[in-house]
Amino acid sequence: MGSSSSRPQTRTRPVTRPNDPSGFTVVNGGHQPPAVYNSGVQYAPQQQQAPAQYPQQPRPPAPAEKKKTKTIRNDVNLKKHTLKLVQDESDPSVYYPTFTFDCGSPCSVTVFFMATESPSEKLRLRTSLQSPGRRVQYDKKLGCVFPPEDMDPSEYKQYGIVPALYADSQLSSAEANEDSGEHRWPICIRLECVVAEEALEDHKLGDLPAGCGMRDWIQSQTTYACLERHETTWSVKVLKQKIWVQNLAYELQEIYGLENAGTPVAEGPGQPSDDLGRECVICMSEPRDTTLLPCRHMCLCHECAQMLRQQTNKCPICRTPVRSLLEITLKT
Amino acid sequence: MALPKRIIKETQRLLAEPAPGISASPSEENARYFNVMIIGPSTSPYEGGVYKLELYLPEDYPMAAPKVRFLTKIYHPNIDKLGRICLDILKDKWSPALQIRTVLLSIQALLSSPNPDDPLDENVARQWREDENSAINTAKDWTRIYAMQDN
């Protein structure tokens, strides 16, 4: 996810600003979409927590009903494409993560290895094999780097793992316990901040143990990843990201094609603009502003999307049947 | 009826940046009718041949696929005597994200990889399956006879 604040990616506008031109609109084709689509697509709420929280209004079966979705703001965001695993220079058996992230409030970073999360403990992460390094504090800033520039390189390995201590199978995937619903994640990286409205209440993240369950005054993002072996070295692969906002957990989902959608359509020879993905793939004239659900391909303008609904009703990119449309108004 | 912007744009782009080995230009009378030429891919039995096709954009394009047909005779298991083409994206696998350019590239690719297991012309396909070398020789002969001069 990019850092530009002009795009509603992971950091979207709060719902409570009716004049805000940015917004998500679900255009519902007469069926009852899962709760996730009412709440802003990018965030899939976790099972037990979500449904009661959303206003479930009875919906008439008329097609093309439009309703404003809830959008939520996420103050901390690890850019998952920047996450890498680096071999420690002083001790080559250790690999530590590096990444960049944005934080809209002062935040702390904690790195966990072999952490277990159960679905009922507000994202609490339990570690038994390796204790997490201490929290690293950051000031409010876009484009923060981990490890921080002022950290002594000799400290990096506190945030690292020695892959040789584990079986490959432990490192290469999340281990699920079907009975308890628990997952053990090879790597978790948690960014946490105190929500702005609560900052005066004297809440301190530092008073809480690393990996503790989320509180209503915390806003966080957790990146879950595994290791991948390449001959003699290791890399990291992101499996998912979750945020905690207003006392609820949401899984982040990417919208395919959002990156290019806001920029002007290139014209003229030498500009293969049809490949750059800015204009609607059907009319090739209007900008893309509508994402198809559930496949999350943002490839159409809202008019062509409506027309597609009435006709094939399949995604032009992947042919998945369309269940609903999400119109995204980009702030310019 | 006015020509949709999409067709105008596709046409401009096809003329400005033609795909290698492919040319497509709209007819003067009907902007939905294209005269197409595809050069036989090298290392295929159609190498050296120049194939003429016609391509028509139906009224509901791009929600419906273009209609494409070979005008030059060709010996190919997925193309019949009338020049009709057996290609999934022209039938049930059509998607409005595809374009004239991508359709023609797919046809060019079909020339490089005939598929006798999904035949349109059963006789050609049988020969292709039973004696591939002689089928390829026949295809080369047809290329020489039908696709190498002004037809």
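Keep in mind it's a predicted model, so treat the numbers as computed, not measured. (Residues numbered from 1 in each chain as written. Chains lettered and ligands numbered in written order. Predicted model: local features only at pLDDT ≥ 70, side-chain atom pairs only at ≥ 80, totals over all residues. Heavy atoms only, no water.)

A.B. asks: How do you make sense of the overall build of chain A when you look at a structure like this?
C.D. replies: Counting its secondary structure elements, chain A contains 5 helices and 18 strands. Expressed as a percentage of the 332 residues in chain A, the buried residues total 50%. By sequence separation, contacts in chain A at least 24 residues apart represent 65% of the contacts at least 6 residues apart. (Helix = DSSP H or I, 4+ residues; strand = E, 2+ residues; numbered from the N terminus. Buried < 20%, exposed > 50% of the residue type's maximum accessible area, 1.4 Å probe, protein only. Contact = heavy atoms within 4.5 Å.)

A.B. asks: How do you make sense of helix α3 (residues 122-130) of chain B when you look at a structure like this?
C.D. replies: Given 3.6 residues to a turn, an α-helix orients residues that are three or four positions apart in the same direction. Residue and element names in this part refer to chain B. Inspection of α3 places V124, A125 and W128 among the buried residues, and these make up the whole buried set. An end-on view of α3 places all buried positions within 95° of arc, on one side of the element. For α3, the exposed residues set more than 90 degrees away from the buried face come down to N123 and E130. Turning to α3, the residues buried within the fold contact α4 (132-147). Near the N-terminus of α3, the side chain that reaches the backbone nitrogen of N123, with its oxygen 3.2 Å away, is that of D121. (Arc of directions from axis to C-beta. Polar contact = N/O pair within 3.5 Å; in protein donor to acceptor, adjacent residues only side chain to side chain.)

A.B. asks: Would you mind showing me how to read a nonpolar patch on the surface here?
C.D. replies: Residue and element names in this part refer to chain B. Side chains of M37, I39 and V50 sit close together on the surface and give an oily, nonpolar patch of about 230 Å² of accessible area. Following the sequence through the fold, M37 ends up in strand β2 (residues 33-39). Take M37: its relative accessible area is 37%, and that puts it in the partly exposed class. (Patch = residues over 30% accessible without salt bridge, like charges linked within 9 Å, V, L, I, M, F, W, Y side chains within 5 Å. Areas by Shrake-Rupley, 256 points an atom, 1.4 Å probe, with all protein chains shown as cover. Salt bridge = Lys/Arg side-chain N within 4 Å of Asp/Glu carboxyl O.)

A.B. asks: How do you make sense of the pairing of strand β3 (residues 50-56) of chain B when you look at a structure like this?
C.D. replies: Consecutive side chains along a regular strand alternate between the two faces of the sheet. All names here are of chain B. When β2 meets β3, the two strands line up antiparallel, connected through 7 bridges. Bridge pairing links N35 to E54 in β3. Inspection of the sheet shows β3 paired to strand β4 (residues 67-70) by 4 bridges, in the antiparallel sense. Bridged to L55 within β4 is V68. (Pairing = 2+ DSSP bridges.)

A.B. asks: Where do I start with a negative patch on the surface in this structure?
C.D. replies: Taken together, D88(B), D92(B), D117(B) and D118(B) make up a surface patch of like negative charges. Relative to the elements of secondary structure, D88(B) occurs in the loop between β4 and α2 (100-112). (Lys, Arg positive; Asp, Glu negative; His and termini not counted. Charge placed at Lys NZ, Arg CZ, Asp CG, Glu CD.)

A.B. asks: Looking at this structure, how should I read the sheet that holds β2(B)?
C.D. replies: The strands making up a sheet associate through backbone hydrogen bonding, with each pair oriented either parallel or antiparallel. Residues and elements named next belong to chain B. An order of β1-β2-β3-β4 is seen for the 4 strands of this open sheet, with the pairing classed as antiparallel. Here the strands that pair on one side only, and so sit at the sheet edges, are β1 (22-26) and β4. For this sheet the average axis-to-axis angle between neighbouring strands, irrespective of direction, equals 20°. On the sheet, α2 packs against β1, β2, β3 and β4 and is oriented at approximately 35° with respect to β2. (Axes fitted to C-alpha atoms, helices over the stretch in contact; angles between N-to-C directions.)

A.B. asks: Help me understand the UniProt feature "active site" (unreviewed entry) in chain B, please; the structure alone is not making it clear to me.
C.D. replies: Residue and element names in this part refer to chain B. Sites flagged by UniProt as "active site" (unreviewed entry) map to C86. Among the secondary structure elements, C86 is positioned in the loop between β4 and α2. Not counting residues within four places of it along the chain, the set of residues in contact with C86 comprises N78, K91, L110, D118 and L120. (UniProt positions renumbered as here; feature names shortened; annotations may be inferred.)

A.B. asks: Please explain the side chain of K9(B) as it appears in this structure.
C.D. replies: In this structure, K9(B) sits in helix α1 (residues 5-16). One polar contact links the side chain of K9(B) to the main-chain carbonyl oxygen of M284(A), over a distance of 3.0 Å.

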